[in-house]
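Coordinate analysis (summary)
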Amino acid sequence: MTTTIAFTLDARGTQSPLTLSITQGVIAGWTGRDPVARDHHIAELAAIGIAPPASTPIYYRCSARRFTTDGAIECTGGDSSGEVEFCLFGGNGKTYVGVGSDHTDRKVETYNITVSKQMCDKPVAATVWDLAEVEGHWDQIILRSFATIDGVRVLYQEGTLSGMLPVAELIRRGFNRDTLPEGTAMFGGTFAAKGGIRPATRFDYEMEDPVLKRKVASGYDIVTLPVVG
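Residues numbered from 1 in each chain as written. Predicted model: local features only at pLDDT ≥ 70, side-chain atom pairs only at ≥ 80, totals over all residues. Heavy atoms only, no water.

**Digging into the overall build of the protein**
Under the convention used in this document: Secondary structure elements follow DSSP: runs of H or I of four or more residues count as helices, runs of E of two or more count as strands, with numbering from the N terminus. Within these notes, the globule rule equals 2.2 Å times the number of residues to the 0.38 power, and the radius of gyration is based on C-alpha atoms. Contact definition: two residues touch when any of their heavy atoms are within 4.5 Å. Method for areas: the Shrake-Rupley scheme with a 1.4 Å probe, in which residue coverage is limited to the protein chains shown. Counted charges follow a simple rule, with Lys and Arg positive, Asp and Glu negative, and His plus the chain ends left uncounted. By convention, the charge on Lys lies at NZ, on Arg at CZ, on Asp at CG and on Glu at CD.
Along the protein, the regular secondary structure elements total 5 helices and 17 strands. Against the globule reference of 17 Å for 229 residues, the protein gives a C-alpha radius of gyration of 16 Å, in line with a compact fold. Judged by the C-alpha coordinates and their principal axes, the protein covers about 50 × 35 × 35 Å. Counted over contacts in the protein with a minimum sequence separation of 6, partners at least 24 positions apart contribute 71%. Summing over all exposed atoms, the protein offers an accessible surface of approximately 10000 Å²; the carbon and sulfur share of this is 51%. Distance from the positive charge centre (22 side chains) to the negative charge centre (27 side chains) of the protein: 2 Å.

**Considering the pairing of strand 16 (residues 202-209)**
Note the cut-off: Remark: exposure states derive from per-residue accessible area (1.4 Å probe, protein chains only) relative to the maximum for the residue type, with buried under 20%, exposed over 50%, and partly exposed in between. Paired strands are those between which DSSP finds at least two bridges.
Where burial is concerned, most of strand 16 is hidden: 6 out of the 8 residues are buried. The sheet contact formed by strand 13 (residues 142-149) and strand 16 spans 7 bridges and is antiparallel. Within strand 16, the position partnered with Ile142 by the bridge is Glu208. One ladder, built from 8 bridges, connects strand 16 with strand 17 (residues 214-225); its direction is antiparallel. Note on strand 17: the bridge partner recorded for Asp209 is Arg214. What sits between the antiparallel neighbours strand 16 and strand 17 is a turn of 4 residues, in which Lys213 has the positive phi angle 55°.

**What about the nonpolar core?**
Applied cut-off: The nonpolar core is taken to be a set of buried Ala, Val, Leu, Ile, Met, Phe, Trp, Tyr and Cys residues, with the residues joined through side-chain atoms within 4.5 Å.
One finds Phe67, Leu88, Phe89, Trp138 and Met186 to be the most contacted residues of the largest nonpolar core, which totals 63 residues. Take this core: its biggest share by element is 5 residues, from strand 8 (residues 84-91). Discounting residues that sit within four places of it in the chain, Leu88 has contacts with Thr95, Tyr96, Val97, Trp138, Val167, Ile171, Leu180, Thr184, Ala185 and Met186.

**Focus on helix 5 (residues 167-175)**
Among all positions of helix 5, only Val167, Glu169, Leu170, Ile171 and Phe175 are buried. If you follow the buried residues of helix 5, they end up packed against strand 3 (24-29), strand 4 (58-62), strand 8, helix 4 (131-134) and strand 15 (184-187). One or two positions beyond helix 5, positive phi appears at Asn176, with a value near 55°.

**A short note on the sheet that holds strand 4**
Worth spelling out the cut-off: The axes are straight lines fitted to the C-alpha atoms, using for helices just the contacting stretch, and the angles between their N-to-C directions are given from 0 to 180°.
Taken together, the 8 strands give an open sheet; going across it, the order is 2-1-12-9-8-15-3-4, and neighbouring strands pair in mixed fashion. Either end of the sheet is taken by a strand with one partner, and the two such strands are strand 2 (14-22) and strand 4. Pairwise comparison of adjacent strand axes, ignoring direction, gives a mean angle of 30° for this sheet. Bridging between strand 9 (residues 94-101) and strand 12 (residues 127-130) involves 2 bridges; their strand directions are antiparallel. Within strand 12, the position partnered with Val97 by the bridge is Trp129.

**Regarding the side chain of Ser145**
Within the secondary structure layout, Ser145 lies in strand 13. Residues within four places of Ser145 in sequence aside, it is in contact with Val84, Val154, Leu155, Tyr156, Gln157, Phe203, Asp204 and Tyr205.

**Section: the pattern of salt bridges**
Filter applied, for reference: What makes a salt bridge here is a side-chain nitrogen of Lys or Arg within 4 Å of a carboxyl oxygen of Asp or Glu, nothing more.
Evaluated as defined, the whole model comprises 18 salt bridges. In this structure, Glu206 engages Arg144 in a salt bridge whose closest nitrogen and oxygen atoms are separated by 2.4 Å. With Glu206 in strand 16 and Arg144 in strand 13, the pair connects residues that are 62 residues apart, well separated along the chain. The exposure classification of Glu206 matches that of Arg144, with both residues buried. The salt bridge involving Asp209 is made with Arg214; its shortest N-O contact spans 3.7 Å. Owing to a relative accessible area of 9%, Arg214 belongs among the buried residues under this scheme. The structure contains a network of salt bridges with shared partners spanning Arg144, Glu158, Glu206, Glu208 and Lys215.

**A word on the state of the cysteines**
So the rule is basically this: Here, the term disulfide refers to a pair of cysteine sulfur atoms separated by no more than 2.5 Å.
Applying the stated criterion to the full structure yields 0 disulfides. The structure places no disulfide on Cys62, whose sulfur is separated from the nearest cysteine sulfur, that of Cys87, by 9.2 Å. Lacking any disulfide linkage, Cys120 is separated from the closest cysteine sulfur, that of Cys75, by 4.1 Å.

Here it is as structure tokens:
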């Protein structure tokens, strides 16, 4: 299945429209470069009943149609939460870098992680960068998220990409090639949540490039659907 998303390409301050067709969604998990930080996130999830992964990193699949730039998503029950991640998009013979949230149903995640990834839409910001522009200072890029919980907006996650496996290694391990396949959208991993994983009514996320002095920021509301029966 294919989904088409209209992006804006920010090329060092010059904005231009970019339409990408996504044919496969990939969620790369347990991508931490630091084994201590990686194991902390594993323990964090274990605390809410989620089993450790079979390997690190690991590549889950989800529907291409889960990727969206909408400002709200609907989730069943109150057991889901977001997590900021960089997102790679393959298209036009290039790889583009964006930012989004691997929103996941944590209750389902306790018994099947792959299914949990399919349960929720994957919001992504509508602006992307060319990977070639940032690859030289990749480790300095900052990811940050804010969660609105009980009406209060709090810093939820923050870290630099130096904490993640290098992007070339992620692509090579996941696809046995040097470039991201055309039509692929892939989340690249996340940081531990400050104060632990918990649900929110709104989730905001951003990616900051301190070298080229630019930022991509977006967010979405979480609409909770009732569980009946």
